[in-house]
Amino acid sequence: NAGVMQNPRHLVRRRGQEARLRCSPMKGHSHVYWYRQLPEEGLKFMVYLQKENIIDESGMPKERFSAEFPKEGPSILRIQQVVRGDSAAYFCASSPSWGLKTQYFGPGTRLLVL
Amino acid sequence: GNSVTQMEGPVTLSEEAFLTINCTYTATGYPSLFWYVQYPGEGLQLLLKATKADDKGSNKGFEATYRKETTSFHLEKGSVQVSDSAVYFCALSAPTGNQFYFGTGTSLTVIP
């Protein structure tokens, strides 16, 4: 049973470009969460999605950031017009409907904005 | 609100030493508590969890007991190995909502 998959593992962008981060949850999991880890800090919640629905986006910056989890395919975290402060590790986690209180994390995407 | 406070690192121990990493929390109601471990360049792996007061989570020689009276979930291991070198995160999941709240992490280095 494959774990949570994220790609790319490393992403380099110049200021003003767009970053797209992908997450495929564990098989059978329909709940996806995105977290951001700034250097030397813990993970901070960004958004919680189910298939085709955003359930909680209270941790998402109001501008430039968006997330989706379509009926088919991976969840996407999109960052438009990236700035240096967006440089961080972005982690995706998933959980099954019957076990929402345990989340399983992917390896993360490390975004570097030049 | 919900929050987790972890012992500041970094922590350096000799192999076979006893490990304690302190974690205290603030939460409304009865949260579930977790320890995750992050090896260099990797994602977080669930190490152990406890879902109610006085529960003890254990895995790979690590233990933590959910203490509601002291709002703590300290991580312990009796004899650490070099392979335990990693960053350890304490986290809670509130009774309502689905987001996790993480501590800032404690870096552990075990030297031979």
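See above for the structure.
The rules behind the values
Position numbers for residues start from 1 in each chain and track the written sequence from start to end. Each chain takes a letter, starting from A, and each ligand takes a number, starting from 1, following the order in which they are written. The predicted origin of the model limits local features to residues at a pLDDT of at least 70 and limits the giving and counting of side-chain atom pairs to 80 or more, whereas totals for whole chains, interfaces and linings rest on all residues. Excluding hydrogens and water, the side-chain figures rest on all heavy atoms present in the structure. For two strands to count as paired, DSSP must find a minimum of two bridges between them. By definition, any uninterrupted DSSP run of H or I lasting at least four residues is a helix, any uninterrupted run of E lasting at least two residues is a strand, and each is numbered from the N terminus. For every element, the axis is a line fit to its C-alpha atoms; helices are fit only across the contacting stretch, and the angle between N-to-C directions ranges from 0 to 180 degrees. The cut-offs for exposure are 20% and 50% of the maximum accessible area for each residue type, with area from a 1.4 Å probe on protein chains only; residues under the lower value are buried, those over the upper are exposed, and the others partly exposed. A pair of Phe, Tyr and Trp rings is counted when the ring centres sit within 6.5 Å of each other, with Trp represented by its six-membered ring. The angle between the planes then sorts it: under 30 degrees is stacked, over 60 is edge-to-face, the rest tilted. To sit over a ring, a charge needs its Lys NZ or Arg CZ within 6 Å of the ring centre and within 35 degrees of the ring normal.

Visitor: Mind laying out the sheet that holds strand 3 (residues 19-21) of chain B, listing which residues take part and the relevant values?
Guide: Residues and elements named next belong to chain B. Ordered by their spatial adjacency, four strands build an open sheet running 3-9-8-7, and the pairing between neighbours is antiparallel. Where the open sheet ends on each side, the last strands, each with one partner, are strand 3 and strand 7 (56-59). The mean inter-strand angle of the sheet, taken between neighbouring strand axes irrespective of direction, is 15°.

Visitor: Please set out the environment of Val82 of chain A residue by residue, giving values where relevant.
Guide: Residue and element names in this part refer to chain A. Among the structural elements, Val82 can be located in the loop between strand 8 (75-79) and strand 9 (88-95). Taking the relative accessible area as the measure of exposure, Val82 reaches 1% and is therefore buried. Here the alpha-carbon distance between Val82 and Arg15, two residues 67 residues apart in the chain, equals 5.2 Å.

Visitor: Quick rundown of the packing of aromatic side chains? Include the residues and the values.
Guide: In the structure shown here, the tally under the stated rule is 14 aromatic pairs over all chains. Look at Tyr36 of chain B and Phe100 of chain B: their rings are 6.3 Å apart centre to centre, the planes differ by 65°, and that puts the pair in the edge-to-face class. Separated by 64 residues along the polypeptide, Tyr36 of chain B in strand 5 (residues 32-38) and Phe100 of chain B in strand 11 (residues 100-102) bring together distant segments of the chain. For the pair formed by Tyr36 of chain B and Phe100 of chain B, the shared burial category is buried. Cluster of aromatic residues (ring-pair linked, three or more members): Tyr35, Phe45 and Phe105 of chain A together with Phe34, Tyr36, Phe89, Phe100 and Phe102 of chain B. Above the ring of Tyr30 of chain B, the side-chain terminus of Lys68 of chain B is found at 4.2 Å from the ring centroid.

Visitor: Any chance you could break down the pairing of strand 1 (residues 3-6) of chain B for me, citing the residues and the numbers?
Guide: Residues and elements named next belong to chain B. Burial along strand 1 is one-sided: Val4 and Gln6 are buried, and none of Ser3 and Thr5, which face the opposite way, are. Sheet topology note: the strand 1/strand 4 (residues 23-26) ladder contains four bridges and is antiparallel. Bridge pairing in strand 4 links Val4 to Tyr25.

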